[in-house]
Structure formats: C-alpha cells, structure tokens
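As a plain string of letters, each chain reads:
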Amino acid sequence: MTEANKVPVLTIDGPSGSGKGTVGQLLAQRLGWHFLDSGALYRALGVAADRAQVDLGNKAALARLAMDMDIRFTLGTDGDCVDVMLNGEEVGNVLRTEESGRRASILAAIPDVRRALLQKQHSFRQLPGLVADGRDMGSTVFPDALLKIYLTASPEVRAARRYKQLKEKGFDVNLHRLLDEIRERDARDAEREASPLKPAHDACILDTSQLDISGVVEHVQGLLQQRRLR
Ligand code: DC
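Values in this document were obtained by computation on a predicted structure and should not be read as measured data.

## Some thoughts on the pattern of salt bridges
So, point 1. Inspection of the entire model under this criterion finds 17 salt bridges.
So, point 2. A salt bridge links Asp-70 to Arg-72; its shortest N-O distance comes to 3.0 Å.
So, point 3. For Lys-148, the salt bridge goes to Asp-202, with nearest N and O atoms at 3.1 Å. Of this pair, Lys-148 sits in strand β7 (residues 147–152) while Asp-202 sits in the loop between α9 (175–191) and β8 (204–207), placing them 54 residues apart in sequence.
So, point 4. Bridged by salt links that share partners, the residues Asp-50, Arg-51 and Glu-89 form one connected network.

Here is the structure:
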C-alpha cells in the first residue's frame, strides 16, 4: 500500500442536480476532510479553452491545456463557498453557469482529457481524508475508496433544484429549458465511452427524490461509520 492509498476516500457520484455537491461539501466539513469537486476541473478546462481560443473539437490541444492548467480551490472569505483560481484568475462564478456545464460535458467525453486530469484529481488525496464528488470518482479515479455513494433523483426533481439554486444566485432561468439541458447532459455523460456516468459495481445507490440534504448526509455518515468500524 502506498502512502496515498492509506488516505481514506469517500466518493459521491451522480448526475447533475442529484445533490452530490452540497452533500459532499457538508460531509467534508463535518469530517474535517479535503473536498474535490471534479466537475469544477472539467468546467475550468472549458473556460481555459475559451480564454485560449481552443475549439472544443481540438482534442489534442484540449488535452495539453488540461495538463498545463493551474487550478486552485480555496475556501471563500465567508467560509462557505469555494473560490476557484484558474491560471491566476478567479473564475468561481463563471464555472457555475449552465453553459460552462454544457461545455464541460462535451470535453469530458475526450479520453485524453480525462487521462490528463487524472493526476490532478489524485493529488487531492491527502490526510486526514478526501470527499470526492463527480461522475466516475468511485468507478475510475478512486476505485479503492472506503465508501462509494451514487446519488440519483428524477430529472424533474433535479431540474427544480437547479432552478431554485440558480434563482437564488440571481440568474435568469427557465425551468423547461433546464429540464431539457439536464436530459441532454445526462444522455451525453451516460453514453460516452470514456468513464460513462454509471454507479461503480460496489457503490451504495441512494435515490434522493424524496430526501432532504440533511437526511442524505446523516445516512451517508452512518454508512461511513459502519465501514470504519469494520
Ligand atoms: O458535476 P458538474 O455538473 O459540475 O460536471 C460538469 C460536467 O463535467 C458533467 O456534465 C460531466 C463532466 N464530469 C465528468 O465527466 N466527470 C466527473 N468526474 C465530473 C464531471
């Protein structure tokens, strides 16, 4: 076992709007563990490509950009949100738009891009532990994780959650358009060949359609406790 493999990892995967980001951040705070929002890496690469005027069809240039991009996450001044510095520029707000999610989903289908981001993701595995959120955290990036959770919810529930979130942040959004975008992104993420969106074979699957965030957090904490006592 290498030093890095001794660091416990909790993976939380699932489609967009399943609650994995909020649940993951809360669990990381409660446990005092590091947090990896892997979707932000793909989103940031989309922004980096835009800044460098690299076309989303140029796979080789995107993979190079992924290798070279300097990305840092720091806890925001209010202690709650995360600031994202991309090549020295604060891009947190740009990353949260639907357009950046759509671009991320397109370039996330490129195998060389996924390979280039693998090492960056592994570097987050540090003591005392890591909560990693994404699509393939349990299936590909951290296959030896202590506990793997796969959160899901119906597209309608997820669109309604996104709508509320974005409205609260002051974005002008349309529920029907959000639902279409969620369906389109689900299909692209699930149908791609490289690390498609699907639960790891040993993941605990949790449908959050009828659960609130604190219910999910409690449940996952209970499962984690059981694993650590084994
Ligand atoms: O979690 P998110 O919505 O921020 O992710 C944005 C896109 O990035 C998502 O549509 C697919 C891609 N992604 C991925 O392919 N693998 C990950 N581990 C995380 C995100």
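## Section: the pairing of β7
Two faces make up the sheet, and in a regular strand the side chains alternate between them.
So, point 1. Of all the 6 residues making up β7, 5 are buried; the element is thus mostly covered by neighbouring parts of the structure.
So, point 2. Bridge analysis of strand β1 (residues 9–13) against β7 gives 4 bridges, and the strand direction is parallel. Looking across to β7, one finds that Thr-11 is bridged to Lys-148.

## A look at the nonpolar core
So, point 1. With 36 residues, the main nonpolar core has Leu-36, Leu-62, Leu-107, Val-113 and Phe-142 as its most contacted residues.
So, point 2. Elements that contribute at least two residues to this core include exactly α2 (38–51), α3 (59–68), β4 (82–86), α5 (98–107), α6 (111–122), β6 (130–134) and α7 (137–141).
So, point 3. By size, the runner-up hydrophobic cluster in this structure holds 17 residues, among which are Leu-27, Phe-35, Val-216 and Leu-224.

## What to know about the environment of Leu-146
So, point 1. Among the structural elements, Leu-146 can be located in the loop between α7 and β7.
So, point 2. The exposure class of Leu-146 is partly exposed, given its relative accessible area of 26%.
So, point 3. A C-alpha to C-alpha distance of 19 Å links Leu-146 and Gly-21, two positions 125 residues apart in sequence.
So, point 4. Contacts of Leu-146, omitting those with residues within four sequence positions, involve Pro-8, Val-9, Leu-224, Arg-227 and Arg-228.

## A word on the site of the ligand
So, point 1. Around the ligand lies a shell of 16 residues, among which Arg-43, Arg-114, Arg-135, Arg-185 and Asp-189 are the nearest.
So, point 2. A distance of 3.0 Å is found between a nitrogen atom of the ligand and a side-chain nitrogen or oxygen belonging to Ser-38.
So, point 3. A distance of 2.6 Å is found between an oxygen atom of the ligand and a side-chain nitrogen or oxygen belonging to Arg-43.
So, point 4. Broken down by secondary-structure element, the contributors of at least two residues to the shell around the ligand are α2, α5 and α9.
So, point 5. For the shell around the ligand, the leading source of residues is α2, giving 4 residues.
So, point 6. Per-class residue counts for the shell around the ligand are 4 nonpolar, 4 polar and 8 charged.

## A few points about the confidence of the model for the protein
So, point 1. Taken residue by residue, the protein gives an average pLDDT of 91. The fraction at 70 or more is 95%.
So, point 2. Highest mean pLDDT in the protein belongs to β1 (97); lowest belongs to strand β3 (residues 71–75) (80).

## Let's talk about the sheet that holds β7
So, point 1. Taking strand neighbours across the sheet as the criterion, the 5 strands line up as β2-β6-β1-β7-β8 in an open arrangement whose pairing is parallel. Lying at the two open borders of the sheet, with one neighbouring strand each, are β2 (34–37) and β8. On average, each strand axis in the sheet is tilted by 20 degrees relative to the strand beside it, whichever way the strands run.
So, point 2. In the sheet, β1 pairs with β6 via 5 bridges, with the strands oriented parallel. Following the sheet pairing, Ile-12 is matched in β6 by Asp-133.
So, point 3. Its contacts with the sheet put α2 on β2 and β6, and the angle it makes with β2 is roughly 45 degrees.

## Here's the deal with the pairing of β1
So, point 1. When you tally the buried positions in β1, you get 5 out of 5 residues, the bulk of the element.
So, point 2. Both faces of β1 are covered, namely the face carrying Val-9, Thr-11 and Asp-13 and the face carrying Leu-10 and Ile-12.

## Comments concerning α2
So, point 1. Between its first and last C-alpha, α2 extends 20 Å over 14 residues, near the 20 Å set by a 1.5 Å rise per residue.
So, point 2. The element α2 is extensively covered by neighbouring structure, given that 11 of its 14 residues are classed as buried.
So, point 3. Buried within α2 we find Ser-38, Ala-40, Leu-41, Tyr-42, Arg-43, Ala-44, Leu-45, Gly-46, Val-47, Ala-48 and Ala-49.
So, point 4. Downstream of α2 by a residue or two, Gln-53 has a phi angle that is positive, lying close to 55 degrees.

## Looking at the side chain of Lys-120
So, point 1. Of note, Lys-120 is situated in helix α6.
So, point 2. An unpaired buried charge is present at Lys-120: no salt bridge exists, and Asp-70, the closest side chain of opposite charge, is 7.1 Å distant.
So, point 3. A polar contact of 3.3 Å, which involves the side chain of Lys-120, links it to the backbone oxygen of Met-67.
So, point 4. What Lys-120 contacts, discounting residues up to four positions off in sequence, is Ala-66, Met-67, Met-69 and Ile-71.

Quick notes on the rules
Residues numbered from 1 in each chain as written. Predicted model: local features only at pLDDT ≥ 70, side-chain atom pairs only at ≥ 80, totals over all residues. Heavy atoms only, no water. Salt bridge = Lys/Arg side-chain N within 4 Å of Asp/Glu carboxyl O. Helix = DSSP H or I, 4+ residues; strand = E, 2+ residues; numbered from the N terminus. Buried < 20%, exposed > 50% of the residue type's maximum accessible area, 1.4 Å probe, protein only. Pairing = 2+ DSSP bridges. Core = buried A, V, L, I, M, F, W, Y, C linked by side-chain atoms within 4.5 Å. Contact = heavy atoms within 4.5 Å. Near = heavy atom within 4 Å. Polar contact = N/O pair within 3.5 Å; in protein donor to acceptor, adjacent residues only side chain to side chain. Nonpolar A, V, L, I, M, F, W, Y, C, P; charged D, E, K, R; others polar. pLDDT = per-residue confidence, 0-100. Axes fitted to C-alpha atoms, helices over the stretch in contact; angles between N-to-C directions. Expected span 1.5 Å × (residues − 1). Lys, Arg positive; Asp, Glu negative; His and termini not counted.

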